[in-house]
Amino acid sequence: MDIGQRVEEIRTGFERSFWVANISELFERLSYYAAFASLARYLHEALDFPTQRAADLAGLFGGLVWFLAIFGGAIADRLGFRRALSLAYLILAGSYFLLGSIGAPWLAPVRNAVPLVAVVTFVLILPALGVAMVKPSVVGTTARASNENVRSIGYSIYYTLVNIGGALGPFVASWVHQNLSVENVFRVAALSVFLMFFLVLALFREPRKLGDAATPHLGETLRNFGQVCTNPKFMVFLLIFSGYWIVYWQEFITLPIYVHDYVDPKADTERMLTTGPLVVIAFTMAFSVLTQKMAAFRAVLLGTLVSMVAFVPLALRAHVYVVYVTLVIVAVGELIQQPRYYDYISRLAPPGQQGTYMGFAFLPLGIGSFLAGRIGGALLHRFGEVQHQPQLFLWALTAIGLATTFLLWVYDRVVKPSEA
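Definitions and limits used
Residues numbered from 1 in each chain as written. Predicted model: local features only at pLDDT ≥ 70, side-chain atom pairs only at ≥ 80, totals over all residues. Heavy atoms only, no water. Helix = DSSP H or I, 4+ residues; strand = E, 2+ residues; numbered from the N terminus. Buried < 20%, exposed > 50% of the residue type's maximum accessible area, 1.4 Å probe, protein only. Contact = heavy atoms within 4.5 Å. Areas by Shrake-Rupley, 256 points an atom, 1.4 Å probe, with all protein chains shown as cover. pLDDT = per-residue confidence, 0-100. Core = buried A, V, L, I, M, F, W, Y, C linked by side-chain atoms within 4.5 Å. Salt bridge = Lys/Arg side-chain N within 4 Å of Asp/Glu carboxyl O. Phe/Tyr/Trp six-rings, centres within 6.5 Å; stacked < 30°, edge-to-face > 60°. Expected span 1.5 Å × (residues − 1). Arc of directions from axis to C-beta. Axes fitted to C-alpha atoms, helices over the stretch in contact; angles between N-to-C directions. Parallel < 35°, antiparallel > 145°, perpendicular 65-115°, else oblique. Left-handed = near helix turned anticlockwise from the far one by under 90°. Nonpolar A, V, L, I, M, F, W, Y, C, P; charged D, E, K, R; others polar.

Trainee: Any chance you could explain the overall build of the protein here in plain terms?
Mentor: In terms of regular secondary structure, the protein is built from 20 helices and zero strands. Expressed as a percentage of the 420 residues in the protein, the buried residues total 53%. Pairs at least 24 residues apart make up 85% of the contacts formed inside the protein by residues separated by at least 6 positions. Surface summary for the protein: the accessible area is close to 17900 Å², and the carbon and sulfur share equals 66%.

Set out below in structure tokens:
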């Protein structure tokens, strides 16, 4: 097949709904990572939460997204993708606006009547409800609105746009924080997804259903959840691998506070967080080629080890440039292990149940985020604010990461040996 014919297949192989859904996903990711990049410092500095509480709440924000996404697919299928997307973007717009307005005068009666931590917790739950419906709707649209011969390209476009949104989000947060105020980061995030609400209503048409695609009921999803939980080998792996995300999510939850308080108070912590997504965008193909012949588990183990030692340089030298080195190392580890992680998950699943098990591959991200906020906040408070030795915080994270790597190695050797 010549290049011209392939280009023509790509040009005609996607319905309009594919492009609408994926462009809207770019802006959803932009909004999410803009909010996440600023959230910990916003809670700590603008709303005066102590370090531990600010980190705990930031972890809640990240963790709920991945837990609710398990059920979001069933809800999106019942509502239809058009209604699910439009409802999700409306929820996201309202919740991000509320998040940026918590300290506003017009919410003073609520703050006076309800403890601030309760208000913030409630508002932080709302975005997860929206994101949980966006992801399955966009992935489902990518499958349904793509011709068979270009569907794999469609998923590549989806992942590329997700990473572009992940890179743009912290950059937008940086500009808004520096030129306006941190509260306006969340209002800009709200505007971004509010525009996507109108885009979906105006241009999105429900894609055709695939002939073999059965619509799952929420009860079926709950049964699948129970089925996964009763497989002890699989659950042990998910729990161990959560350690990777406990360390990984620190770059969004505690690292901005650490850099501001102990490295350089003038550092642009939001812009720093564009580093990882940019590295992923630039080197995904290269690392795919380099690791394609590596056994799935070995890639997972190597990538975990690389990411888990990323905080060592910063522990040895507290400088802004070293923060960037740390973020690059974390991203390199992610590039090595993340694609092969899903391959390994498929090997852990019993025959005929790969689909069900792949749906729960995101659980460690949620578990890790919940624990990352609680553990990271407690460690940063103890070593930074109490003992005044903040570098010990980074060594503690490294210890958690190395313990995770060791437990993964033991798991593969003792509990579930991988195939050569």
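Next comes the rest of the description.
Trainee: Can you walk me through the confidence of the model for the protein in this structure?
Mentor: Residues shown with low pLDDT carry predicted positions that ought not to be read at fine detail. Confidence in the prediction of the protein, expressed as mean pLDDT, is 86, and 90% of residues score 70 or more. Confidence, expressed as mean pLDDT per element, reaches its minimum in the protein at helix H18 (residues 354-358) with 61 and its maximum at helix H16 (residues 312-316) with 96.

Trainee: I would appreciate a short explanation of the environment of Arg374 in the present structure.
Mentor: Residue placement: Arg374 occurs in helix H19 (residues 363-386). We classify Arg374 as exposed; its relative accessible area is 53%. In the structure, Arg374 is positioned 321 residues away from Arg53 in sequence and 8.0 Å away in space, judged by C-alpha atoms.

Trainee: I keep staring at the nonpolar core and nothing clicks. Help me out?
Mentor: Across soluble globular proteins, nonpolar side chains have a tendency to be buried as a group. Judged by nonpolar contacts, the single largest core of 111 residues is most densely connected at Leu39, Tyr42, Leu43, Tyr89, Tyr96, Phe237 and Trp249. Among the elements that line this core, the one with the most residues is helix H2 (residues 16-46), at 12 residues. Those residues within four positions of Tyr96 in sequence are excluded, and the remaining contacts are Ser31, Tyr32, Ala35, Phe61, Pro127, Phe186, Ala189, Ala190 and Val193. In terms of nonpolar packing, the next biggest core, distinct from the first, is built from seven residues, Phe18, Leu26, Ala145 and Leu161 among them.

Trainee: Looking at this model, I keep getting lost on the pattern of salt bridges. Mind explaining?
Mentor: Close approach of charged atoms allows side chains of opposite charge to pair. Counted under the stated rule, the structure contains six salt bridges. Across the pair Arg41 and Glu45 runs a salt bridge, and its minimum N-O distance is 2.8 Å. Of this pair, Arg41 and Glu45 both sit in helix H2, separated by four residues, roughly a single helical turn. On the basis of relative accessible area, Arg41 is assigned to the buried category, the value being 9%. Between Arg271 and Asp268 there is a salt bridge, with its nearest N and O atoms 3.8 Å apart. By relative accessible area, which is 37% here, Arg271 ends up partly exposed.

Trainee: Looking at this model, I keep getting lost on the packing of aromatic side chains. Mind explaining?
Mentor: Two aromatic rings, taken as a pair, are described by how far apart their centres are and by the angle between their planes. Applying the stated criterion across every chain yields a total of 29 aromatic pairs. Note on Phe97 and Trp106: the rings are 6.2 Å apart at their centroids and 20° apart in plane angle, and the pair reads as stacked. Taking relative accessible area as the criterion, Phe97 reaches 39% and is therefore assigned partly exposed. Ring geometry for Phe237 and Phe241: centres 5.9 Å apart, planes at 10°, overall stacked. Here Phe241 and Phe237 lie together in helix H10 (residues 232-248), a separation of four residues that amounts to about one turn. Take Phe237 and Phe241: they sit in the same class, and that class is buried.

Trainee: Mind showing me how you'd approach the side chain of Glu334 here?
Mentor: Structurally, the position occupied by Glu334 is in helix H17 (residues 320-348). Each residue touching Glu334, except ones within four places of it in the same chain, is listed here: Tyr244, Tyr248, Val280, Ser307 and Pro339.

Trainee: Whenever I open this one, unusual backbone geometry confuses me. Can you help?
Mentor: What you tend to see is this: most non-glycine residues have negative phi, and most peptide bonds are trans. A positive phi is found at Asp48, a non-glycine position, where the angle reads about 60°. Among the structural elements, Asp48 can be located in the loop between H2 and helix H3 (51-79). Within the chain, His388 stands out as a residue other than glycine whose phi angle is a positive 55°.

Trainee: What exactly am I supposed to notice about helix H8 (residues 182-203) here?
Mentor: The terminal C-alpha atoms of H8, which comprises 22 residues, lie 33 Å apart, in line with the 32 Å expected from a rise of 1.5 Å per residue. All of the buried residues along H8 are Val182, Val185, Phe186, Ala189, Ala190, Ser192, Val193, Met196, Phe197 and Val200. For H8, the arc enclosing every buried residue in end-on projection is 160°, short of the 170-degree limit, so these residues lie on one face.

Trainee: Would you take a moment to explain the side chain of Ser146 for this structure?
Mentor: Inspection of the secondary structure assignment puts Ser146 in the loop between helix H6 (116-144) and helix H7 (151-179). Excluding residues within four positions of it along the chain, Ser146 makes contact with Gly13, Phe14, Phe18, Thr141, Arg151 and Arg208.

Trainee: Please clarify how the environment of Ser38 should be interpreted in this entry.
Mentor: Within the fold, Ser38 resides in helix H2. Residues Ser38 and Leu273, 235 residues apart in the sequence, show an inter-C-alpha distance of 10.0 Å.

Trainee: What's the story with the packing of H2 against H6 in this structure? I'm lost.
Mentor: Between H2 and H6, the least distance of the axes is 10 Å, while the angle of their chain directions is 155°. In this view, H2 runs roughly antiparallel relative to H6, as classed from their interaxial angle. At the point where H2 passes H6, the crossing takes the left-handed sense. Residues Ser17, Phe18, Ala21, Asn22, Glu25, Glu28, Arg29, Tyr32, Leu39 and Leu43 of H2 form the contact with H6, whose participating residues are Val120, Leu124, Val131, Val134, Lys135, Val138, Thr141 and Thr142. Its residues placed into classes, the contact of H2 with H6 shows 10 nonpolar, four polar and four charged.

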